[in-house]
Amino acid sequence: MTNCESVDVIVIGAGAAGLFAANTAGKNNRKVKVLDHAKKPGKKILISGGGRCNFTNYYIEPEKYLCKNPHFCKSALSQYTQWEFIGLVDDYNIPYHEKTLGQLFCDDSAKDIVNMLMNECEKSNVSFSFQTEITKVEKCEDGQFYVYTNKQSYKCESLIVATGGLSMPKLGATPFAYKLAEQFGLTVLPTRAGLVPFTLDPVLKELLSEVSGVSTDVTVTTNNMSFAEDMLITHRGLSGPAILQISSYWHPGDQVEVNLLPNKDIEQLITAALIEQPNISIKNYLSTLFAKRFAEKLITLFDIPNVPIKQLNHKQIQALSVNIHAWKIKPSGTEGYRTAEVTIGGIDTDHLSSKTMEVKSVSGLFFIGEAIDVTGWLGGYNFQWAWSSGWVAGQNA
Ligand SMILES: Cc1cc2nc3c(=O)[nH]c(=O)nc-3n(C[C@H](O)[C@H](O)[C@H](O)COP(=O)(O)OP(=O)(O)OC[C@H]3O[C@@H](n4cnc5c(N)ncnc54)[C@H](O)[C@@H]3O)c2cc1C
């Protein structure tokens, strides 16, 4: 074969997981080449966390990951932990802070993380080929993988596939990993968008769009899973951390219950208010609990008569309580992969060693990162999965 470069390890995908796997393998004196169809590395890292990259979380736990096999992520997460990644960030003197719930963000820019990863790759003599389209991959009888591209061919002992999931096609997401997995006889579990805003039926959307921009503390529940965080009303539907989190547990047709006053009891509050300010209108009273324009909207939404609270009968107060504490919404869908932060589902982990990410039936072939059926919560969990799965593959490739 003409123009075929021989290396020890090829990594396809210069995203979070691929860059981490590449520099790890390079540190073990492996000759590593990274191929990516994009012009530059780490595009998702650069836009993540609003440009500040929520790179990990103090409270990484297997329970905060969705996977058909809830035990699968344990080994990688314990072999390369958040503390090791934080140590690396510290070594580079990258300033960061805890925003909330253990979520660590760069003070300045996500570029700091990409620069750090590229610097680590440089130290490990990793080489790169960008704008490279992979046209074919095969494993030959000599045990080597042959990777054909629009530029040249490569052969390698170990092939690490880190091309991610389907979220944000605008940033270059492709189903490459799924197709390659199928080529090697692996099952790909059905995929769907995760960490994604909900869309609403036209009537509710119209009603709520007038209060778009309002953010309120809620607890959202579906399928026995609850998240207590902010919910944001947008002109397209519902978003904000609470909604993004619950969206990963939601399936089309499921109902979502929103508690708009999670740590309070509206019946008790109104009972107290009846003594102190019986003549206050229900609208003005709700304005003491919610943003004013949202309180006004709740009156319409829940069909509450805007009368002085002393005129509300017990049944009306109870109905208000049910609406406020257990507002039932049936999202009409999600915004889909266009805006989803992650892809749920993917390559079935049954085919992979949880210790190394190597395909059990194909020695030398590894799948890492978002391409496999492991999806983290919002809050740095997905990047930690990229670092951890990348590290174990890099150690074993
Ligand atoms: C808007 C947004 C914000 C996010 N914020 C956070 C956050 O703050 N914290 C967090 O933990 N997670 C966050 N995530 C999720 C996180 O970005 C992903 O989970 C993570 O990037 C997955 O890493 P990966 O390496 O598996 O895939 P990716 O980072 O997606 O990398 C895949 C790489 O493969 C390349 N590629 C794809 N197809 C091909 C192909 N056919 N040929 C060659 N190359 C290919 C791509 O160009 C890309 O470089 C966010 C995601 C989005 C979309």
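It should be emphasised that the depicted structure is a prediction, and the values quoted were computed from it without experimental measurement. Within each chain, residues carry numbers counting from 1 in the order of the written sequence. Whole-chain, interface and lining totals are the exception, using all residues; otherwise, since this is a predicted model, local features are given only for residues with pLDDT of at least 70 and side-chain atom pairs are given and counted only at 80 or more. Values shown for side chains rest on all heavy atoms present in the structure; no hydrogens or waters enter the calculation.

### Notes on the environment of Ser215
Going by this rule: A helix here means a DSSP run of H or I that spans at least four residues, while a strand means a run of E at least two residues long, and both kinds are numbered starting from the N terminus. Only heavy atoms enter the contact rule, under which two residues are in contact if any of them lie within 4.5 Å.
Checked against the element boundaries, Ser215 lands in strand β13 (residues 215-222). Linking Ser215 and Asp230, residues 15 residues apart in sequence, is a C-alpha distance of 6.3 Å. Discounting residues that sit within four places of it in the chain, Ser215 has contacts with Asp230, Met231 and Leu232.

### Considerations on the site of the ligand
Stated precisely, the cut-off is as follows: Whether a residue is near a molecule or strand is decided by its heavy atoms; if any one of them lies within 4 Å of it, the residue is near. Pairs of N or O atoms are called polar contacts if they sit within 3.5 Å, as long as, within protein, a hydrogen donor faces a hydrogen acceptor (for residues adjacent in sequence, only side-chain-to-side-chain pairs). Here, Shrake-Rupley sampling with a 1.4 Å probe gives the accessible areas, and only protein chains in the shown set may cover a residue.
Looking at the ligand, there are 28 residues lining it, with Ala17, Asp36, Thr174, Glu370 and Phe383 nearest. Between the ligand and Ala17, the relevant distance is 2.8 Å, taken from an oxygen atom to a main-chain nitrogen or oxygen of the residue. In the environment of the ligand, an oxygen atom lies 3.5 Å from a nitrogen or oxygen atom belonging to the side chain of Lys44. Here the ligand has 1,000 Å² of accessible area as a free molecule, and 93% of this is covered by the chains.

### Describing the pattern of salt bridges
Convention followed: Basic side-chain nitrogens of Lys or Arg form a salt bridge, by our definition, when they fall within 4 Å of a carboxyl oxygen of Asp or Glu. Whether a residue is buried, partly exposed or exposed follows from its accessible area with a 1.4 Å probe, protein chains only, as a fraction of its type maximum: under 20%, in between, or over 50%, in that order.
As enumerated under the stated definition, the model contains 14 salt bridges in all. Arg30 is paired through a salt bridge with Asp8; the nearest N and O atoms lie 4.0 Å apart. Taken together, the residues span a long stretch of sequence, with Arg30 in the loop between α1 (16-27) and β2 (32-35) and Asp8 in strand β1 (residues 4-12) at a distance of 22 residues. Residue classification places Asp8 among the partly exposed residues on the basis of a relative accessible area of 22%. Between Lys27 and Glu120 there is a salt bridge, with its nearest N and O atoms 2.7 Å apart. With Lys27 in helix α1 and Glu120 in helix α5 (residues 111-123), this residue pair connects regions lying 93 residues apart in the sequence. Its relative accessible area of 45% is what places Lys27 among the partly exposed residues. Salt bridges sharing partners connect three or more residues here, namely Asp8, Arg30 and Glu157.

### As for the sheet that holds strand β6 (residues 103-106)
What counts is decided by this rule: Here a strand pair is declared whenever DSSP counts at least two bridges between the two strands. Axes, fitted as lines to C-alpha atoms, cover a helix only where it is in contact. Angles between the N-to-C directions of the axes lie from 0 to 180 degrees.
In spatial order, the strands read β3-β6-β5; together these three strands make up an open sheet with antiparallel pairing. Taken across any chain shown, the strands that pair with only one partner, and hence form the sheet edges, are β3 (54-57) and β5 (96-98). When strand polarity is set aside, the average angle formed by the axes of neighbouring strands in this sheet is 30 degrees. Here β3 pairs with β6 via three bridges, running antiparallel.

### Overview of the packing of helix α4 (residues 82-91) against α5
How we decide: Working definition: roughly parallel below 35 degrees, roughly antiparallel above 145 degrees, roughly perpendicular at 65 to 115 degrees, and oblique for all remaining angles. Amino acids outside the nonpolar list (Ala, Val, Leu, Ile, Met, Phe, Trp, Tyr, Cys, Pro) and the charged list (Asp, Glu, Lys, Arg) are all regarded as polar, and Gly is one of them.
Packing of α4 against α5 leaves a shortest axis separation of 11 Å and a crossing angle of 90 degrees. Relative to α5, the element α4 lies roughly perpendicular. Side by side, α4 and α5 meet where Phe85, Leu88 and Val89 of the first sit next to Ile113, Met116 and Glu120 of the second. For the contact of α4 with α5, a count of residues per class yields five nonpolar, no polar and one charged.

### Quick word on the domain arrangement of the chain
This is how the line gets drawn: Boundary definitions for the domains trace back to an automatic or database domain assignment. Here the quantity called buried area is the accessible surface, traced with a 1.4 Å probe, that two parts lose on coming together, added over both.
Domain boundaries assigned for the chain yield domain 1 (4-192 + 344-396) and domain 2 (198-334). Tallying the contact residues gives six residues for domain 1 and 11 residues for domain 2. Buried area between domain 1 and domain 2, both sides added, is near 730 Å², and the carbon and sulfur share of it is 57%. Looking only at domain 1, the three residues that lose the most surface to domain 2 are Arg192, Trp377 and Leu378, adding up to 65% of its buried area. Between the two partners, domain 1 and domain 2, sit zero salt bridges. Joining domain 1 to domain 2, the criterion identifies five residue pairs in polar contact (both at pLDDT 80 or more). Class assignment for the residues of the side of domain 1 that touches domain 2 results in five nonpolar, no polar and one charged.

### Quick word on the pairing of strand β9 (residues 145-149)
Across the five residues of β9, five count as buried, placing the element largely inside the fold. Neither face of β9 is left uncovered, since the one carrying Phe145, Val147 and Thr149 and the one carrying Tyr146 and Tyr148 both have all their residues buried. For strand β8 (residues 134-139) and β9, the ladder comprises five bridges, and the chain directions are antiparallel. Among the inter-strand pairings, Glu138 is bridged to a residue of β9, identified as Tyr146. Between β8 and β9, which pair antiparallel one after the other, the connecting turn spans five residues, and Gly143 there sits at a positive phi close to 85 degrees. In this structure, β9 lies alongside strand β10 (residues 153-161), joined through four bridges in antiparallel fashion. From the neighbouring strand, Tyr146 faces β10, where its bridge partner is Lys155.

### Some points on the pairing of β1
Both β1 and β10 contribute to a ladder of eight bridges, which runs parallel. From the neighbouring strand, Val11 faces β10, where its bridge partner is Ile160. As paired strands, β1 and β2 are joined by four bridges and run parallel to one another. Pairing of Val11 across the sheet is with Val34, part of β2.

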